[in-house]
Amino acid sequence: MEFLCYHRDRPASLPLRHELGEAHWSYMDRYAKEMIARGPTLADDGDTPTGSLHIVDLPDPAAARAFAFDEPNHQAGVYRDVLLRRWRNTLGRTMWDFPGGRTGGNRYLVIGLGTGQAADLDLPPDPNELVAYGPLLSDNGATWLGTAALLRAPDADTARSILTLDRYADIEVHNWQFGGRPS
């Protein structure tokens, strides 16, 4: 089962995030084989972290909750909240398979929080700019709760337009970059 886990940073938590850097990386190293996509979201300055995204393949919802809530930054209070949803990998690949590579262009995390009938279940017309894409689902996979995408786009408005705007209660767009342990 695939899950999307998005930890949003608490204001003024950057010093604590830096202090816990190695603990975070050591924890994530344990899940390297399960990772579909990962990386920080960033403020408009392109440098200051605002959150941490992980899409992982885990056995069940209990394992996903353990992954999200046992993470050292979460335990220490770096994050203000966690969005954890079952997710379906519509592209069937990891971010490392993205043909556009790890760098170049603006990258975004787009999260559409659903309301009513399911929307955007099929791939958009130009999947070449998609790093990851799929529906957000209830723990049992039966109820559509929204859609999440990682993509390359010229700007945030173009990234937002990947989703059918009037089908969501809210659409969040975050600057995002490919993640992984720094070399």
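Just so we're clear, the structure is a prediction, and the values are computed from it rather than from any experiment.

(A) Spotlight on the layout of surface pockets. One number sums up the size of the largest pocket: a volume of about 510 Å³. Contributing to the lining of the largest pocket are 22 residues, with Arg17, Trp25, Pro40, Pro49 and Pro182 lying nearest its centre. The set of elements that each furnish at least two residues to the lining of the largest pocket consists of helix H1 (14-19), helix H2 (21-29), strand E2 (35-42) and strand E3 (49-57). Classifying every residue of the lining of the largest pocket gives 7 nonpolar, 11 polar and 4 charged.

(B) Up close: the pairing of strand E8 (residues 168-176). Of the strand pairs in this sheet, E2 and E8 are connected by 2 bridges, and their pairing is antiparallel. Within E8, the position partnered with Thr41 by the bridge is Trp176. Two elements, strand E5 (residues 106-114) and E8, share 7 bridges in a ladder whose sense is antiparallel. Each residue of the ladder has a partner; that of Val110, found in E8, is Val173.

(C) Examining the nonpolar core more closely. Counting residues in hydrophobic clusters, the biggest one holds 19 residues, and the most contacted among them are Leu4, Leu53, Ile55, Trp87, Leu150 and Trp176. Contributions of two or more residues to this core are made by strand E1 (2-9), E2, E3, strand E4 (79-87), E5, strand E6 (130-137) and strand E7 (144-153). Looking at this core, the element that brings in the most residues is E6, giving 3 residues. Counting 15 residues, the second-largest nonpolar core is a separate cluster that includes Leu130, Ala149, Ala153 and Ala159.

(D) Local environment of unusual backbone geometry. Residue Ala12 is not a glycine yet carries a positive backbone phi of 65°. With respect to the helices and strands, Ala12 occurs in the loop between E1 and H1. Its identity as a non-glycine residue notwithstanding, Asp120 has a phi of 55°, on the positive side.

(E) How the structure looks around the packing of aromatic side chains. For the coordinates displayed, the defined rule picks out 6 aromatic pairs. When the centroid spacing of 5.4 Å and the interplanar angle of 50° are considered together, the rings of Tyr27 and Tyr31 count as tilted. In this structure, Tyr27 and Tyr31 share a single accessibility class: buried. Three or more aromatic residues link up through ring pairs in this structure, and these residues are Tyr27, Tyr31 and Phe67.

Rules used in this analysis
Residues numbered from 1 in each chain as written. Predicted model: local features only at pLDDT ≥ 70, side-chain atom pairs only at ≥ 80, totals over all residues. Heavy atoms only, no water. 1 Å grid on protein atoms, 1.4 Å probe; cavity = no way out; pocket = protein on both sides within 12 Å on 5 of 7 lines; lining within 4 Å. Points joined across faces, edges and corners; volume = space filled by probe spheres on them. Helix = DSSP H or I, 4+ residues; strand = E, 2+ residues; numbered from the N terminus. Nonpolar A, V, L, I, M, F, W, Y, C, P; charged D, E, K, R; others polar. Pairing = 2+ DSSP bridges. Core = buried A, V, L, I, M, F, W, Y, C linked by side-chain atoms within 4.5 Å. Buried < 20%, exposed > 50% of the residue type's maximum accessible area, 1.4 Å probe, protein only. Phe/Tyr/Trp six-rings, centres within 6.5 Å; stacked < 30°, edge-to-face > 60°.

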